[in-house]
Amino acid sequence: MRLLIIEDETALAEALAEILKQNSYTADTVFDGLEGLEYARTGIYDMILLDIMLPGMDGLTLLKTLRREGNHTPVILLTAKGEVSDIITGLDAGSDDYLAKPFSTSELLARIRALSRRGGQYHDQELVYANLSLNQKTMELSCKNSSIRLGLKEFQMMELFLANPKQILPKSLLFDKIWGMDADCEYNNVEVYVSFLRQKLNSLDTDVVIKTNRGVGYSLDLKSDENKE
Ligand code: CA
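Summary of the structure given here. Since the structure is predicted, the reported quantities are computational estimates derived from the model, not experimental observations.

### A short note on the pattern of salt bridges
- For the structure on display, the rule yields 14 salt bridges.
- Arg111 is the partner of Glu107 in a salt bridge, and the nearest nitrogen-oxygen pair spans 2.9 Å. Taken together, the residues span about one helical turn, with Glu107 and Arg111 both in helix 5 (residues 105-118) at a distance of 4 residues.
- In the salt-bridge network here, residues are joined through shared partners; they are Glu7, Glu9, Asp51 and Lys101.

Okay, here's the thing in C-alpha cells:
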C-alpha cells in the first residue's frame, strides 16, 4: 500500500514517512501544495495524508480540486490545533478522516487501517485466495502448514495480487505502485520480483500461480485453470 504525505513541516513529514516504512507501507513525501496535487493526480496512491496550511496551494483547495476531477483517493487531513472550522470544511470538501496535531503514531496507524478497510481494500491483517494467505503484519505467505516470510517489495507485490485476484495487473501499474514514478530502478524489476514470488509459491506447494498475460501484465490465478490452456 502506497501513501502520499503532503506536509510542509519537513521534519514531521519525514518522521511520518519513516513510521509508515517501518510498518511495511510505502510513502512519498512532498512539502508543497502544488507539487502535492501533481503527485496525487498520478492516481498511484492508496491514501493521502494532507496538511491544511501549505505553501503553493492550501490543503482544502487541493482536496476540492482532486474531488472535482473525480479522484477519490482516501484522504486524512492533518490539522493544527484550533482549526476546528477547517475540519468541518475539510469533511465537506471530501476528506475521509482527520487527525489533530500532535497525534500519536498508534493513532495514525489505526486511522490508516480503519480507512483502508472502509475502502474494502487491504491491510486488514490477512489476505486470502484459495489455499494461499498473506499475513500483513508479519509479511508471511502461507499455504497449509508451511510459510515463508517475504521481502518488502515481494510483500507489496503479493498484496496487490491478492487484493485483485484473477485480474490482469499491467506491468506499468505494478511498477508505479511498488517503485514509484521517479524511482531510479529498472522497469524489468517487475519481472524479477514476479519470478521471486513464483519460486516462493512453488516451494509452498499452493494451487495459486502468477500467470503471464503476454504484452499486458500478470494475474493471480489457480493452477488448474492454467493447465487447461
Ligand atoms: Ca503546514
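### Quick look at the packing of aromatic side chains
- Counted by the stated rule, this structure contains 3 aromatic pairs.
- On the numbers, 5.9 Å between centres and 25° between planes, the contact of Phe175 with Trp179 is stacked. Of this pair, Phe175 and Trp179 are both found in helix 7 (residues 171-179), 4 residues apart, which corresponds to roughly one turn of the helix. Here the two residues Phe175 and Trp179 agree in accessibility, since each one is buried.
- Taken together, the ring pairs in this structure connect Phe175, Trp179, Tyr193 and Phe196 into an aromatic cluster.

### A closer look at the environment of Gly59
- Along the chain, the position of Gly59 falls in helix 3 (residues 59-68).
- Along the primary structure Gly59 and Glu7 are separated by 52 residues, whereas in three dimensions their C-alpha atoms are 9.1 Å apart.
- Once you skip the residues sitting within four places of it in the chain, Gly59 turns out to touch Leu50, Asp51, Ile52 and Leu54.

### Remarks on unusual backbone geometry
- A cis amide bond links Lys101 to the next residue, Pro102, at an omega of -5°.
- The residue Pro102 is located in the loop between strand 5 (97-100) and helix 5 in this model.
- Unlike most non-glycine residues, Lys144 shows phi in positive territory, near 50°.
- For Lys144, the position within the fold is in the loop between strand 8 (140-143) and strand 9 (146-149).
- One non-glycine residue, Lys166, adopts positive backbone phi at about 65°.
- Mapped onto the secondary structure, Lys166 falls in the loop between helix 6 (152-163) and strand 10 (169-170).

### Remarks on the coordination of the calcium ion
- Distances from the calcium ion to its protein donors, Asp8 (OD), Asp51 (OD) and Met53 (O), fall at 2.1 to 2.3 Å.
- Here the donor residues for the calcium ion map to a single chain with the spacing D-x42-D-x1-M. Of this pair, Asp8 sits in the loop between strand 1 (2-6) and helix 1 (10-22) while Asp51 is found in strand 3 (residues 47-51), placing the two residues 43 residues apart along the sequence.
- Residue classification places Asp8 among the partly exposed residues on the basis of a relative accessible area of 32%.
- Residue class for Asp51 comes out buried when judged on its relative accessible area of 4%.

### Overview of the sheet that holds strand 4 (residues 75-79)
- Here we have 5 strands laid out as an open sheet, ordered 2-1-3-4-5, and parallel in their pairing. This sheet does not close on itself; its edge strands, each paired only once, are strand 2 (26-30) and strand 5. The mean inter-strand angle of the sheet, taken between neighbouring strand axes irrespective of direction, is 20°.
- For strand 3 and strand 4, the ladder comprises 4 bridges, and the chain directions are parallel. Counted as the bridge partner of Leu50 is Leu77 from strand 4.
- Seen against the sheet, helix 3 touches strand 1, strand 3 and strand 4 and runs at an angle of roughly 150° to strand 3.

So, how was this worked out
- Residues numbered from 1 in each chain as written.
- Predicted model: local features only at pLDDT ≥ 70, side-chain atom pairs only at ≥ 80, totals over all residues.
- Heavy atoms only, no water.
- Salt bridge = Lys/Arg side-chain N within 4 Å of Asp/Glu carboxyl O.
- Helix = DSSP H or I, 4+ residues; strand = E, 2+ residues; numbered from the N terminus.
- Phe/Tyr/Trp six-rings, centres within 6.5 Å; stacked < 30°, edge-to-face > 60°.
- Buried < 20%, exposed > 50% of the residue type's maximum accessible area, 1.4 Å probe, protein only.
- Contact = heavy atoms within 4.5 Å.
- Donors = N, O, S within 2.8 Å, 3.2 Å for Na, K, Ca; no water.
- Pairing = 2+ DSSP bridges.
- Axes fitted to C-alpha atoms, helices over the stretch in contact; angles between N-to-C directions.

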